[in-house]
Amino acid sequence: MAEILKNWIGGTWVASESTTNEPVYNPATEEVLALVPISTKGDVDRAAHAAKAAFETWSRTPVPRRARVLFKYQQLLVDHWEELAKLVTKENGKSYNEAYGEVQRGIECVEFAAGAPNLMMGKQLPDIASNLESGMYRYPVGVVGGITPFNFPMMVPCWMFPLAIACGNTFILKPSERTPLLAGRLAELFKEAGLPDGVFNIVHGSHDVVNGILEHKDIKAISFVGSQPVAEYIYKTASAHGKRVQALAGAKNHSIVMPDADLDGSVKEIINAAFGSAGERCMACSVVVAVGDIGDELVNKLVEAANQLTIGNGANDGVFLGPVIRGAHKERTLKYIEIGENEGALLIRDGRKDAASSGEGYFVGPTIFDQVSSDMKIWEDEIFAPVLSVVRVPTLEEAVEVSNRSELGNGACLFTKSGSSARQFRETIESGMLGINLGVPAPMAFFPFSGWKNSFYGDLHANGTDGVEFYTRKKMVTARW
Ligand code: NAD
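An unreviewed UniProt entry lists the chain under the name Malonate-semialdehyde dehydrogenase, with Paenibacillus agricola as the source organism. As recorded by UniProt, the Sequence similarities (unreviewed entry) comment attached to the chain reads in full: "Belongs to the aldehyde dehydrogenase family. IolA subfamily." Of the comments in the UniProt record for the chain, the one headed Subunit (unreviewed entry) reads "Homotetramer."

K.L.:
Give me the site of the ligand: which residues, what numbers.
P.N.:
With respect to spatial proximity, 28 residues lie near the ligand, and among them Pro149, Gly226, Ser227, Gly250 and Cys282 are the closest. By residue class, the composition of the shell around the ligand is 14 nonpolar, 11 polar and 3 charged.

K.L.:
Tell me what's going on with the pairing of strand β13 (residues 285–291), and back it up with residues and numbers.
P.N.:
Among the 7 residues in β13, 7 count as buried, and that is most of the element. The pairing of strand β12 (residues 253–257) with β13 spans 5 bridges and is parallel. The partner of Asn253 across the bridge, within β13, is Cys285. Strand direction decides the pairing type here: β13 and strand β16 (residues 387–393), joined by 5 bridges, are parallel. Within β16, the residue paired with Ala290 across the bridge is Arg392.

K.L.:
I'd like a rundown of the UniProt feature "binding site: NAD(+)" (unreviewed entry) in the chain, residues and numbers included.
P.N.:
Mapped onto this numbering, the UniProt entry gives "binding site: NAD(+)" (unreviewed entry) at Phe150, Lys174, Glu177, Arg178 and Glu382. Taken along the chain, the residues just named run across 233 residues; in space they spread out, the farthest C-alpha pair reaching 23.4 Å. Assessed through the 27 C-beta atoms surrounding it within 10 Å, Lys174 is described here as buried. Tracing the chain through its elements places Glu382 in the loop between α13 (377–380) and β16. Classification of Glu382 as buried rests on a count of 20 C-beta atoms within 10 Å. The contact partners of Glu382, leaving out residues within four places of it in the chain, are Gly250, Ala251, Lys252 and Leu408.

K.L.:
Any chance you could break down the environment of Ser389 for me, citing the residues and the numbers?
P.N.:
Among the secondary structure elements, Ser389 is positioned in strand β16. Spatially, the C-alpha atom of Ser389 lies 9.2 Å from that of Cys285, the residues being 104 residues apart in sequence. If sequence neighbours within four positions are ignored, Ser389 has contacts with Ser286, Val287, Ala345, Phe369, Val372, Ile378 and Trp379.

K.L.:
Run through the sheet that holds strand β6 (residues 132–140), naming residues and quoting values.
P.N.:
Taken together, the 3 strands give an open sheet; going across it, the order is β5-β6-β22, and neighbouring strands pair in antiparallel fashion. Of all strands in the sheet, those with a lone pairing partner are β5 (123–129) and β22 (472–480), marking the two edges. Mean inter-strand twist for the sheet, computed between neighbouring axes without regard to direction, equals 25°. When β6 meets β22, the two strands line up antiparallel, connected through 9 bridges. If you follow Ser134 over to β22, its bridge partner there is Thr478.

K.L.:
Account for the UniProt feature "domain: Aldehyde dehydrogenase" (unreviewed entry) in the chain, with residues named and values stated.
P.N.:
According to UniProt, the positions carrying the feature "domain: Aldehyde dehydrogenase" (unreviewed entry) are residues 13–477. Between the C-alpha atoms that bound residues 13–477 the distance is 42 Å, and the span itself is 41% helix and 22% strand.

K.L.:
Could you give me a rundown of the nonpolar core, with the residues and numbers involved?
P.N.:
Considering soluble globular proteins, one finds that nonpolar side chains tend to be buried as a cluster. Counting 84 residues, the largest nonpolar core has Phe171 and Ile172 as the members making the most contacts within it. A per-element tally of this core places helix α6 (residues 155–166) first, with 10 residues. When neighbours within four sequence positions are excluded, Phe171 is seen to be in contact with Ala51, Val144, Gly146, Phe161, Ala164, Ile165, Val199, Phe200 and Asn201. Residues Ala261, Cys282, Leu302 and Leu414 belong to the second largest nonpolar core, which totals 62 residues.

K.L.:
Mind laying out the packing of helix α2 (residues 63–79) against helix α7 (residues 181–192), listing which residues take part and the relevant values?
P.N.:
The geometry of α2 relative to α7 is characterised by a closest axis approach of 9 Å and an angle of 130° between their N-to-C directions. Taken together, α2 and α7 sit at an angle that is classed as oblique. Regarding α2 and α7, the two cross each other, and that crossing is right-handed. Between α2 and α7, the contacting residues are Tyr73, Leu76 and Leu77 on the first element and Leu189, Phe190 and Glu192 on the second. Looking at the contact of α2 with α7 residue by residue, the classes come out as 5 nonpolar, no polar and 1 charged.

Quick notes on the rules
- Residues numbered from 1 in each chain as written.
- Predicted model: local features only at pLDDT ≥ 70, side-chain atom pairs only at ≥ 80, totals over all residues.
- UniProt positions renumbered as here; feature names shortened; annotations may be inferred.
- Near = placed C-beta within 6 Å.
- Nonpolar A, V, L, I, M, F, W, Y, C, P; charged D, E, K, R; others polar.
- Buried ≥ 20, exposed ≤ 12 C-beta atoms within 10 Å, placed from the backbone.
- Helix = DSSP H or I, 4+ residues; strand = E, 2+ residues; numbered from the N terminus.
- Pairing = 2+ DSSP bridges.
- Contact = placed C-beta atoms within 7 Å.
- Axes fitted to C-alpha atoms, helices over the stretch in contact; angles between N-to-C directions.
- Core = buried A, V, L, I, M, F, W, Y, C linked by C-beta atoms within 7 Å.
- Parallel < 35°, antiparallel > 145°, perpendicular 65-115°, else oblique.
- Left-handed = near helix turned anticlockwise from the far one by under 90°.

The structure is reproduced here in structure tokens:
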């Protein structure tokens with residue numbers, strides 16, 4: 001019988017009051033790794049109580065002392081890097097190399113947060129009028145709730161809780177019920193680093209926990225990352241309950257390849273961006289737009305490169321493409337491949353035929369459609385799987401137009417040798433994170449992660465100084481002496 005996970009409340013493991021559990025699978029083997037409790041609003045209330053009590057002292061702990069805990073935490077995460085990466089691969093399915101890189105991205109967030117004494121500084125103007133001074137001071141907002149997706153069990157929670165906590169807040173994390181294991185290690189190591197009990201809490205579960213967090217009167221701010229419909233729901237519900245919200249949503253990222261691009265270099269980047277992490281990245285490339293007469297050569301090279309990819313259990317050496325997260329997600333992906341065929345797109349590489357796709361594990365091989373147009377569902381919807389669409393257009397203007405037709409605007413890339421094409425792309429594309437001659441333009445922890453349009457709901461993005469603004473509130477003091 002697999003272990004039933006517990007919630008982490010007040011610095012210790014606490015059983016959920018719920019008797020409903022869901023299996024957590026290794027998606028490469030279908031082995032049940034644990035059972036995750038589908039916790040209740042009562043469990044959320046218990047965590048909120050602990051977090052509110054801890055806020056009293058943590059918010060008043062001097063900022064350099066808080067930062068010192070973050071420094072220690074950073075070292076512990078570095079010491080446990082391999083263990084954490086293996087756990088990511090086990091519960092998520094991505095290759096060990098990808099998981100190792102993900103852990104690095106998480107550690108970078110902790111490094112940024114350790115700069116809290118600098119980040120928390122206010123501003124003063126000694127003479128706003130004669131004998132009148134004004135100053136701005138920063139304070140934490142209170143208890144913060146974080147709700148995260150399955151695809152980055154290390155990195156995405158680390159976008160939230162290290163910075164929120166460094167700023168003096170206390171935190172309740174609701175990890176994805178499909179990848180809940182890593183969060184537990186993050187909590188234990190934070191305690192080992194010296195974090196006081198109750199500052200960081202975890203409540204496992206799904207909708208009830210999320211709604212409990214959104215409605216709870218003692219939770220003041222919500223950070224969310226996940227799919228577009230849920231992000232919209234979180235934004236509307238949390239705002240209606242008077243909370244500040246940042247909700248990062250889904251993506252349909254286009255990569256435009258110009259006739260003057262280095263085709264081999266572009267293909268290498270696009271293959272990594274489309275099929276790395278089985279296409280389950282919010283920065284995945286899901287549409288390639290071939291400009292001018294390079295279409296045939298580009299698709300031939302893409303198919304050739306996709307044929308070389310090793311598919312299998314991400315824990316094994318040399319594997320590039322692991323499984324998708326669940327059997328249901330595999331079924332959904334296969335449906336989309338059928339839809340693409342029925343819509344008249346040209347299936348030039350069929351991932352259903354790859355050997356791994358028929359054994360145990362939720363594998364789908366790299367799949368490529370050519371002759372896709374923006375009236376097709378496979379162009380419009382986020383499939384979130386190793387399925388790449390190729391659209392062909394005559395000019396850069398039309399390529400940008402195709403990309404801008406999407407309601408999502410997380411990322412976009414351009415492959416070119418021309419500075420003026422790069423400038424035109426930068427100025428006209430409606431996406432928040434751009435790449436020039438690279439496939440995955442994910443900003444590092446000290447910059448905001450800034451999707452546009454329906455890829456983001458809120459004002460202040462995750463990470464960087466946006467994150468500091470989000471996790472703090474200001475007092476303005478004007479004084480005459
Ligand atoms: P998801 O929206 O299904 O789940 C995200 C979180 O919301 C989970 O914790 C889940 O338990 C909860 N949730 C799901 N449905 C809910 C509902 N109806 N009510 C309340 N809570 C609910 O997302 P996912 O499948 O775990 O992750 C993949 C999605 O996340 C993709 O759309 C991807 O693009 C997006 N994502 C976006 C970014 C970004 O930076 N914009 C980063 C990573 C992932």
